[in-house]
Amino acid sequence: MIEVRQADITTLDVDAIVNAANASLLGGGGVDGAIHRAAGPGLLAECRTLGGCETGGAKATRGYDLPARHVIHAVGPVWKGGDAGEDDALTACYRNAMARARELGARTVAFPAISTGIYGFPPDRAARIAVRTLHAEVQDGQTVTLVAFSDRDARTLSAALDEV
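A brief report on the enclosed structure follows. Here the residue index of a chain counts from 1 through its sequence in written order. Residues qualify for local features only when their pLDDT is at least 70, as the model is predicted, and side-chain atom pairs are given and counted only at 80 or more; totals for whole chains, interfaces and linings, by contrast, use all residues. Excluding hydrogens and water, the side-chain figures rest on all heavy atoms present in the structure.

## Section: helix α5 (residues 151–163)
Right, so step 1: Numbering goes from the N terminus for both helices and strands, where a helix is a DSSP run of H or I of at least four residues and a strand is a run of E of at least two. Expected helix span is computed as 1.5 Å times (number of residues minus one). When the terminal C-alpha atoms of α5 are compared, their 19 Å separation across 13 residues agrees well with the 18 Å that a helix rising 1.5 Å per residue should span.
Right, so step 2: Partly exposed residues are those whose accessible area sits between 20% and 50% of the maximum for their type, while under 20% is buried and over 50% is exposed, using a 1.4 Å probe and protein chains only. Those residues of α5 that sit buried are A154, T156, L157 and A160. Taken around the axis of α5, the buried residues stretch over an arc of 165 degrees, which confines them to a single face. Along α5, the residues that are exposed and aim more than 90 degrees away from the buried face are R155, D162 and E163.
Right, so step 3: Throughout, a contact is declared for two residues whenever any of their heavy atoms are within 4.5 Å. Buried residues belonging to α5 abut β1 (2–6), α4 (123–137) and β6 (143–148). Taking the helix axis as origin, the arc is that swept by the directions to the C-beta atoms.

This is the structure we're talking about:
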């Protein structure tokens, strides 16, 4: 099942939340910074042991001070106009995050919009990719929540979900 919810992802009591991480995995702005702040210093310490992550990849850590038991750090692409493999990289990002969730045995997984903030990916296009990819990846008994930060984001994600 896939659902859309407007919420603060750092407050969700789920098996895993996905972090829209940068390649260093050492924190940054937006949702990445919020997750690192809410999780506490243990998250940064564990991330330092992971050696970063390539675009399209995903690595998992414990959740530390978050209600979520795990954080899956997924590195989305920077938008370069659409002709530099961005769609494929974003698809890989969602697919790899779900692979990590399966490895963890996560039945409930919450995703932010990946790459739509400072990375500049067009939100409508990113939402369609997210929904299409997650629809193919979600397993029976699993719940994936697409977490929207704003009303506009919730409408964009809901419209993409309605298309599937």
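## Observations regarding the sheet that holds strand β5 (residues 108–111)
Paired through backbone hydrogen bonds, the strands of a sheet run either parallel or antiparallel to each other.
Right, so step 1: At least two bridges found by DSSP between two strands is the condition for calling them paired. Within the open sheet, the six strands sit side by side as β1-β6-β5-β2-β4-β3. Their pairing is mixed. Each edge of the open sheet is held by one strand with a lone partner, namely β1 and β3 (58–62). For this sheet the average axis-to-axis angle between neighbouring strands, irrespective of direction, equals 25 degrees.
Right, so step 2: Of the strand pairs in this sheet, β1 and β6 are connected by five bridges, and their pairing is parallel. Note on β6: the bridge partner recorded for R5 is V147.
Right, so step 3: In the packing of helix α3 (residues 86–104) onto the sheet, contacts are made with β2 (16–21), β3, β4 (70–75), β5 and β6, and the angle to β4 comes to roughly 155 degrees.
Right, so step 4: Inter-axis angles, ranging from 0 to 180 degrees, are taken between N-to-C directions of lines fitted to C-alpha atoms, where helices are fitted over the stretch in contact. Where α5 meets the sheet, its contacts fall on β1 and β6, and the angle it forms with β1 comes to roughly 170 degrees.

## Some thoughts on the pairing of β6
Right, so step 1: Counting buried positions along β6 yields five of six residues, so the element is predominantly enclosed.
Right, so step 2: Here β5 runs beside β6; their pairing, made up of four bridges, is parallel. Counterpart to V109 in the pairing with β6 is V144.
Right, so step 3: Handedness of the β-α-β unit built from β5, α4 and β6 comes out right-handed. We call a crossover right-handed when, viewed with the strands running away from us, the connection from the first strand over the helix to the second turns clockwise.

## Comments concerning the side chain of N22
Right, so step 1: One can find N22 in the loop between β2 and α1 (30–39).
Right, so step 2: When its relative accessible area of 18% is taken as the criterion, N22 is described as buried.
Right, so step 3: Beyond its immediate stretch of four places on either side in the chain, N22 contacts G27, G28, D32, V75 and Y119.

## Points about the environment of A160
Right, so step 1: Counting through the fold element by element, A160 comes out in helix α5.
Right, so step 2: Apart from the residues within four sequence positions on either side, A160 is in contact with A127, R128 and V131.

## Some thoughts on the pattern of salt bridges
Right, so step 1: The salt bridge criterion pairs a side-chain nitrogen of Lys or Arg with a carboxyl oxygen of Asp or Glu, the two atoms within 4 Å. Scanning the entire structure with this criterion turns up seven salt bridges.
Right, so step 2: The partner of D13 in a salt bridge is R69, and the shortest N-O contact between them spans 3.0 Å. One end of the pair, D13, is in the loop between β1 and β2; the other, R69, is in the loop between β3 and β4, and 56 residues separate them in sequence.
Right, so step 3: Salt-bridge contacts for R95 lead to E137; the nearest nitrogen and oxygen are separated by 3.5 Å. Linking R95 in helix α3 with E137 in helix α4, this pair joins segments that are 42 residues apart in sequence.
Right, so step 4: Taking the relative accessible area as the measure of exposure, R95 reaches 41% and is therefore partly exposed.
Right, so step 5: Among the charged side chains, a salt-bridge network with shared partners connects D13, D15 and R69.

## Quick notes on the packing of aromatic side chains
Right, so step 1: Working definition: a ring pair exists when centres of Phe, Tyr or Trp rings (six-membered ring for Trp) sit within 6.5 Å. Plane angles under 30 degrees give stacked, over 60 give edge-to-face, the rest tilted. Tallied over the entire structure, the rule returns two aromatic pairs.
Right, so step 2: Taken together, a centroid distance of 4.8 Å and an interplanar angle of 65 degrees make the contact between W79 and F121 edge-to-face. Remark: F121 occurs in the loop between β5 and α4 and W79 occurs in the loop between β4 and α3; sequence separation between them is 42 residues.

Purely geometric numbers; function is a separate question.
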